[in-house]
Each structure stands twice: as structure tokens, then as C-alpha cells.
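# Structural features, examined
Here's the letter readout for the chains.
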Amino acid sequence: MPQFDFTNVFWPQLFWLALFFIVLYFGIVRLTLPRLGKVMDERAAKIDGDLEAARAAKESADELTERYRAELEKSRDEARGNIAAAKAEAAKASEARLAKAEADSAAKIDAAEARIADATAKAHESLRGVAIEGAQAIIAKLTNNQPSTDAVSGAVDAAMAR
Amino acid sequence: MNPMHQFEIVKLHPLAAGGYDISFTNSALWMAIALGAIAIFMFVGTAKPQLVPGRWQAAVEYVYDFVTSMLDENVGPEGKRYAPLIFAVFMFVLVCNLLGLLPWVGAFTPTSHVTVTIGLAFIVFTVVCVVGFMRHGLHFFSLFWPKDANIALGLFVFVIEVLSFLSRPFTLAIRLFANMTAGHVLLKVFGTFVVALGSFNALPYVFGVLPLAVNVALTALELLIAVVQAYVFALLASLYLNDAVNLH
């Protein structure tokens, strides 16, 4: 194998390998790779920054949504309170009106009842007079004797009390 | 044709320095071509680095990302510092492996030479030792000492661990060299079958088709092996670095 013919093969290859590798490392890789590494780091940083910004934006959006929801809940509660208050007020007002109307009609009923009682008493009185006169006239016709008013009225009262 | 002929080193420009033969050979030429290819790839890819990468930049970033994530998995957060080294080793092995598979142009595969792979392996080994001693000082030797063991067993394991540590560059080098050599020998053997069977006079070409089809499939396999072996080399290098950086 020519590879093991070291007297002819070793130094020429090793010398040029060393030279070329030094050129490769210091003249090519060391010059170019850091530039690329810098850009790749920048890119990674930019992507991380963008992701971070997106995360922050999402967080603030979430917070806004939360606040919106809370606000909505609060105004809903307020509206519910308003409705309840209005309902209570309306109920109170109608109750008061009802009570007043009841009182009015009770007064009217009382007045009417009083009038009825009055009329009944008057009718009673006039009935007694008619009965006494009628009884005097009947007794006078039958006996030709005029009875005393006192006697007749006593008899009428006794009969009416029955 | 001798299937080993493709590994022959040809001196293109004889040179010598300090008594050492440092001739520019076909191996050096293909290392230079690999270097040029990597240079184009890297300099075009990072000419104007942008947040939204173009095609070239995306390609370089892909390889870079591959290396850094490998280091991150095997070494941890400290590993990123060694990304340029592992990147350079990975790219060099990968491009040498791949360029060696080019047909027609007389491609030579530097990584099929144990000299080249052992040179690369010793670069990794040296860095591992330097990093280990710089980070942990003499404490680095505790890498070889088993935890909770008595002296006799500890010494026994210590010897084994030291030997296995010292054999690492050789296994690393020989794995790559053997894979590349075997693949190229296989391709060449089936290539000679194409010629030998295809030149059957009574029925020309017909019998050459089968080994040719095999060679096409083998070329695909060799492409895979070229990439996988570069990956394995870089992966083992980062695992060895992990030992030096984190001890146990």
C-alpha cells in the first residue's frame, strides 16, 4: 500500500496538511464563522424578543378582556339594583293609592249607611203617626166614641214593639 | 490495473526544507482544492450576513448549526468555544472525502492516506490535551482514575485508561483512512470488472453493464460514507473534547 511508504509520503503530506489547516482555521473559519454566529445570535434574540412582545400583547389583551368582563358584571349588577328599586317604589306607590281609594269608599259607605238609617227612622215615625190616626178613626167609627190619643198611641207602641 | 495505484503520491513540484522532503504532491494539490472550495463556500456564504439568510448563507448556517448542536449535546454550554475548530476539522474531512469521489478528473483523496488522517487526529488530540491541562491542571489525570476503587484495581484501570486515551488519535486516524481506502479500492475493482467483462469479444459491452450498475450504487454508498465518516470524526473529536472540558 502506498500509504505505508512513509519515507516518501509522510513529510510532504504532513507539511502541507499543517500549512493548509492553519490557513483553514485562522484564514477562513476564524474570519467568517464569528460574523455568521453574530447574525444567528441576533436572529435568535430578535425571535425571542418578538415572542416576548407577542406574549406581553396577549397578556395585556387577556387583562383587558378580564377588565371588560368585570365592568360588564358591575353594570349588570347596577342595572339589576335599579330595576329592583324601581319595582319597590312602584309597589309602594300603588299600595298607597289603593289604601286611599279604600278609605274613600269606606267613608262613602258610612255616609250612605247613615242616610239609610235616618230614612228608616223617619219612615218608622211616620208609620206610627199613620197607625195612631188610623186606629183613632176606626175606633171612632165603631164606637162613636173618640178615644184619647194617649191610650191609642200606647196600644200602637205595644203592637209595634211586637 | 492495480487498485492501489490511485493512492500513489506523485511529486508535482519537488521541494525540500531543512533536510525534510516537503514536495508539493497530488495529495497537497487536492488538499489545496478542498481548501479553495471551503474558502468559496465560507466567504460567499458570509459575505453579507443577513437576518433572513440567502441560499449560500443558509447552507453555511446549516453546517454551523449542525456542529454547534453536536457540541452542545456532547460537551454542553462550554462546547460553543470549540465550534470553529470542530467546524474546520469537519469541513476539511468532508470536502476532502467528497472531492475524492469526483470521476474523470483524476481526483485524489487525501483522507485515504493515514499520514493525513493521523495529522488531523493529532490536531484534535493536542487540543484535547491542552484544554484538559489548562482547565484542570494535573487534576486532568483523574480522568484515568476510577472513582471508588482500591489502589490495586485503580492502578490496573489507570494503565488501561491511559493506553486507551493514547490510542485515540490512532483509532481516529485509522477509522477514517481505512474507510476511505476500502471504498476507493472497491470502486476501482468494480471499475476494472467493467472493462474486463465488457471487452468480451463475442458479445461486447453486455457483461460490463452489471459491474457498472454496481459501481453506480457503490458511488452512492461512498457518498454516504464520505459524509458519515466526516461526521464520525467530528463527533468523536467533540466527545474527546468533552472529556477534557468536563472530566467525569
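Within any chain, residue numbers begin from 1 and follow the written order of that chain's sequence. Each chain gets a letter, beginning with A, and each ligand a number, beginning with 1, in the order they are written. With pLDDT at 70 or above as the cut-off, local features in this predicted model cover only qualifying residues; side-chain atom pairs require 80 or more to be listed or tallied, and sums for whole chains, interfaces and linings still use all residues.

## Remarks on the overall build of chain A
For clarity, the cut-off: The secondary structure listing takes helices from DSSP runs of H or I that are at least 4 residues long and strands from runs of E that are at least 2 residues long, numbered from the N terminus. For the radius of gyration, the atoms used are the C-alpha atoms, and the globule rule reads 2.2 Å times the number of residues raised to 0.38. Whether a residue is buried, exposed or partly exposed follows from its count of other C-beta atoms within 10 Å of its own C-beta, namely 20 or more, 12 or fewer, or something in between, respectively; the C-beta atoms are built from the backbone.
In terms of helices and strands, chain A carries two helices and zero strands. Taken over the C-alpha trace, chain A has a radius of gyration of 63 Å; the compact-globule value for 162 residues is 15 Å, which it surpasses by more than 25%. Overall size of chain A, expressed as C-alpha extent along the three principal axes, is 195 × 30 × 15 Å. By residue count, 8% of the 162 residues in chain A fall in the buried class.

## What to know about the UniProt feature "transmembrane region" (unreviewed entry) in chain A
Put simply, the test is: UniProt positions are given in the numbering used here, feature names are shortened, and annotations may be inferred rather than shown by experiment.
Residues given the UniProt feature "transmembrane region" (unreviewed entry) here are residues 14-33 of chain A. What you have in residues 14-33 of chain A is 100% helix and 0% strand, and the ends, taken at the C-alpha atoms, are 26 Å apart.

## A few points about helix α3 (residues 83-99) of chain B
Worth spelling out the cut-off: Helices are assigned an expected span. That span is 1.5 Å times one less than the residue count.
Compared with an ideal rise of 1.5 Å per residue, which puts 17 residues at 24 Å, α3(B) spans 23 Å between its outermost C-alpha atoms and is within 8% of the ideal. For α3(B), the buried fraction is high: 16 of the 17 residues fall into the buried class.

## Section: the nonpolar core
Condition: To count as a nonpolar core, a set of buried Ala, Val, Leu, Ile, Met, Phe, Trp, Tyr and Cys residues must be joined through C-beta atoms within 7 Å. C-beta atoms are placed from the backbone for every residue, and two residues are taken to be in contact when these atoms lie within 7 Å.
By size, the foremost hydrophobic cluster in this structure holds 60 residues, and its most contacted members are B:Ile86, B:Phe87, B:Val89, B:Phe90, B:Val93 and B:Val124. Where this core is concerned, the elements lending two or more residues are α1 (6-143) of chain A together with α1 (26-45), α2 (55-74), α3, α4 (114-136), α5 (151-198) and α6 (209-246) of chain B. It is α3(B) that provides the largest number of residues to this core, a total of 14 residues. Apart from the residues within four sequence positions on either side, B:Val89 is in contact with B:Leu120, B:Val124, B:Phe233, B:Ala234 and B:Ala237.

## Quick look at the confidence of the model for chain B
Condition: Each residue carries a pLDDT value, the predictor's own confidence for that position, ranging from 0 to 100.
Residue-level pLDDT values for chain B average 92, and 99% of them are 70 or greater. Within chain B, no element has a lower average pLDDT than strand β2 (residues 16-17) of chain B, which sits at 88, and none a higher one than α3(B), at 96.

## So, the packing of α5(B) against α6(B)
Residue and element names in this part refer to chain B. So the rule is basically this: Fitting a line to C-alpha atoms yields each axis, with helices limited to the stretch in contact; the angle taken between N-to-C directions then spans 0 to 180 degrees. Roughly parallel covers angles under 35 degrees, roughly antiparallel covers those over 145, roughly perpendicular covers 65 to 115, and oblique covers all other angles. Classes in brief: Ala, Val, Leu, Ile, Met, Phe, Trp, Tyr, Cys and Pro nonpolar; Asp, Glu, Lys and Arg charged; the others, Gly included, polar.
Packing of α5 against α6 brings their axes to within 10 Å, and their N-to-C directions diverge by 175°. If you check the angle between α5 and α6, you find them roughly antiparallel. Class assignment of the residues belonging to the contact of α5 with α6 gives a composition of 17 nonpolar, six polar and three charged.

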